[in-house]
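Spelled out from the first residue to the last, the chains are:
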Amino acid sequence: MNAEIIAVGSELLLGQIVNTNARFLSRQLAELGINVFYHSVVGDNPERLKSVIKIAEDRSDLIVFTGGLGPTKDDLTKETIARHLGKKLVMDEQALESIQMYFKRTNREMTENNKKQALVLEDAQVLPNEHGMAPGMISDNGGHVFMLLPGPPNEMEPMFLKHAFPALQSKLGTDDVIVSRVLHFFGIGEAMLETEIEDIIDAQSNPTIAPLASDGEVTLRLTAKHSQPNTAMMLMDETEAKILGRVGEFFYGYDDTSLMHELTKLIKENNMTISAAESLTGGMFQQEFTSIPGAGGLLKGGVVCYTNEVKAEVLKVRKETIDNYGVVSAQCAAELAENVASLTNSDIGISFTGVAGPDELEGNPVGTVYIGIWIKGKPVQTEKLNLGGTRAANRVRTVKYGCHFLIKALKECQSA
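What counts as what
- Residues numbered from 1 in each chain as written.
- Predicted model: local features only at pLDDT ≥ 70, side-chain atom pairs only at ≥ 80, totals over all residues.
- Heavy atoms only, no water.
- UniProt positions renumbered as here; feature names shortened; annotations may be inferred.
- Helix = DSSP H or I, 4+ residues; strand = E, 2+ residues; numbered from the N terminus.
- Contact = heavy atoms within 4.5 Å.
- Areas by Shrake-Rupley, 256 points an atom, 1.4 Å probe, with all protein chains shown as cover.
- Lys, Arg positive; Asp, Glu negative; His and termini not counted.
- Charge placed at Lys NZ, Arg CZ, Asp CG, Glu CD.
- Core = buried A, V, L, I, M, F, W, Y, C linked by side-chain atoms within 4.5 Å.
- Buried < 20%, exposed > 50% of the residue type's maximum accessible area, 1.4 Å probe, protein only.
- Salt bridge = Lys/Arg side-chain N within 4 Å of Asp/Glu carboxyl O.
- Axes fitted to C-alpha atoms, helices over the stretch in contact; angles between N-to-C directions.
- Parallel < 35°, antiparallel > 145°, perpendicular 65-115°, else oblique.
- Left-handed = near helix turned anticlockwise from the far one by under 90°.
- Polar contact = N/O pair within 3.5 Å; in protein donor to acceptor, adjacent residues only side chain to side chain.
- Pairing = 2+ DSSP bridges.

As recorded in an unreviewed UniProt entry, the protein goes by Putative competence-damage inducible protein and comes from Cytobacillus pseudoceanisediminis. In the Sequence similarities (unreviewed entry) part of its UniProt record, the protein is described as follows: "Belongs to the CinA family."

Here's what the structure looks like:
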């Protein structure tokens, strides 16, 4: 089965929101063994949508629509598809009752146009919306399968996973169990990682291997299927072992984790606390750290030391250090890390100083970064980065490298 994903909404074309639905659906359909060859985005215009549908019918078996199922006049996806297919829209009583209960539960008045959301294509398989109002639907029509899903990701994703995924699996006529696993890597580029495991990727069939790069990280999604769940897991374990045998030094976690999540978990396991001194990152490390559930009590505090005065007066970086080496230096990073830990009585101190851009500083080019790490009972250590990119990208990557280096240092302490 070949599929096409059509996102409906003028806000997507205007760049007001990002089409994350297409990425999610492509991954899910790939797990089912469904090929996604085309993505389309069309505005809230019935004629243009009809034109896109005609093109999709010529090249795809499964056409998945997201968006345009709401109550307003510009929500026209199902109306346009109904006219195109020559089908009526009928009221789904369960969906209507669910919408009515939502308004009753939230003590709001339900307007007449909200009933529109309960309309579905006649003879369609209705997909309940347990996180919103408009239901989804699947309609078979002359060799094509039309799937309509709501636009908001917090409604679409759980609907697809719970209702659409098994429905498609049934249509494919397979009893295979599909399992997947995401491997996260940092410190190696996508091109280098693929080069290291190129022969494994070329030989893939079951499991499949899907690389993806994002914000300086690389992930590999492994997907295996078999009629026996244990065999599917064994196939995936064998492929993972081959991959980690080549690039295991860059691997840091599975599935929905992140570098910051792994770092907080490691600090908690070691019953330690941390503080941060941030110059070019401007508090970004602490912001991300505190966004992780369970991070409470681990972060003692920190200082955004953007100016030389704060570095010297609050964090006690020595005048001779600044005069002789500058604030963009290993020496300054080392003092910042050790002194912020001392200031807050923390077990770990981490510091970030460097040149985010757009201009050079102290003769250092944009992207020059020093990270300091002090762990109680250990000598302070520093790492230098030579990043290339925008100011925003340099700051994001600096925080990730800080997590990466600190994870590595803590693991070395554990194994010592």
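A.B. asks: Let's hear about the overall build of the protein: which residues, and what values?
C.D. replies: What the protein contains, in helices and strands, is 15 helices and 17 strands. Here the C-alpha coordinates of the protein stretch approximately 80 × 50 × 40 Å along the principal axes. Considering only contacts in the protein between residues 6 or more positions apart, those separated by 24 or more positions represent 66%. As displayed, the protein has an accessible area near 20000 Å², and 48% of this comes from carbon and sulfur atoms. Treating the 39 positive side-chain charges of the protein as one cloud and the 54 negative ones as another, the clouds have centres 3 Å apart.

A.B. asks: Residues and numbers for the nonpolar core, please.
C.D. replies: Core analysis: the biggest nonpolar cluster contains 35 residues, and Leu263, Ile267, Phe285, Ile350, Ile371, Leu406 and Leu410 have the highest contact counts within it. Looking at this core, the elements that each hand over two or more residues are helix 10 (259-269), strand 13 (274-278), helix 11 (284-290), strand 15 (348-354), strand 16 (368-375) and helix 15 (391-415). Here the element with the most residues in this core is helix 15; it accounts for eight residues. What Leu410 contacts, discounting residues up to four positions off in sequence, is Leu263, Leu266, Ile267, Met272, Ile348 and Ile375. Ile5, Leu25, Met147 and Ile178 belong to the second-largest nonpolar core, a separate cluster that totals 23 residues.

A.B. asks: Can you lay out the pattern of salt bridges for me, pointing to particular residues and giving the numbers?
C.D. replies: Counting across every chain of the model gives 13 salt bridges. Across the pair Glu130 and Lys162 runs a salt bridge, and its minimum N-O distance is 3.2 Å. Here the residue Glu130 occupies a position in the loop between strand 6 (125-127) and strand 7 (136-141), and Lys162 occupies one in helix 6 (residues 153-171), the gap between them amounting to 32 residues. The class for Glu130 is partly exposed, based on a relative accessible area of 47%. Asp237 is the partner of Arg181 in a salt bridge, and the nearest nitrogen-oxygen pair spans 2.9 Å. Remark: Asp237 occurs in helix 9 (residues 229-247) and Arg181 occurs in strand 9 (residues 177-186); sequence separation between them is 56 residues. Overall, Arg181 belongs to the buried group, its relative accessible area being 11%. The partly exposed category is assigned to Asp237, whose relative accessible area is 39%.

A.B. asks: Report on the packing of helix 10 against helix 15, specifying residues and quantitative values.
C.D. replies: Packing of helix 10 against helix 15 brings their axes to within 9 Å, and their N-to-C directions diverge by 30°. In terms of orientation, helix 10 lies roughly parallel with respect to helix 15. Helix 10 and helix 15 meet at a crossing whose hand is left-handed. Residue-level inspection shows Leu259, Met260, Glu262, Leu263, Leu266, Ile267 and Glu269 of helix 10 in contact with helix 15, the latter providing Val399, Lys400, Cys403, His404, Leu406, Ile407, Leu410, Lys411 and Gln414.

A.B. asks: How would you explain the side chain of Glu240 if you had to name every residue and give the values?
C.D. replies: Turning to its location among the elements, Glu240 is positioned in helix 9. In terms of polar contacts, Glu240 uses its side chain to reach the side chain of Tyr254, at 2.4 Å. For Glu240, the contacting residues outside a window of four places in its chain are Arg181, Leu183, Leu222 and Tyr254.

A.B. asks: If you had to explain the sheet that holds strand 11 (residues 217-226) to someone new, which residues and values would you point to?
C.D. replies: Read across the sheet, four strands follow the order 10-11-9-12 without closing on themselves; strand pairing throughout is antiparallel. Two strands close off the open sheet at either side, each with one partner strand: strand 10 (208-214) and strand 12 (251-254). Taken over all neighbouring pairs, the strand axes of this sheet differ in orientation by 25° on average, direction set aside. Helix-sheet contacts for helix 9 involve strand 9, strand 10, strand 11 and strand 12, and the interaxial angle to strand 9 is about 15°.

A.B. asks: Could you give an account of the UniProt feature "domain: MoaB/Mog" (unreviewed entry) in the protein, with specific residues and numbers?
C.D. replies: In the numbering adopted here, UniProt assigns the feature "domain: MoaB/Mog" (unreviewed entry) to residues 4-171. Taken end to end, residues 4-171 comprises 42% helix and 23% strand; its first and last C-alpha atoms sit 17 Å apart.

A.B. asks: So what's going on with unusual backbone geometry? Residues and values would help.
C.D. replies: A cis amide bond links Asn206 with the next residue in sequence, Pro207, at an omega value of 10°. When you line up the elements, Pro207 lands in the loop between helix 8 (198-202) and strand 10. Here the residue pair Gly357 and Pro358 is connected by a cis peptide bond, since its omega of 10° sits within 30 degrees of zero. Summarising the element assignment, Pro358 is placed in the loop between strand 15 and strand 16. Of note in the backbone geometry, Asn107 takes a positive phi value of approximately 55° without being a glycine. Note that Asn107 resides in the loop between helix 5 (93-105) and strand 5 (119-121). With a relative accessible area of 74%, Asn107 lands in the exposed category. Even without glycine at this site, Asn271 takes up a positive phi of about 55°.

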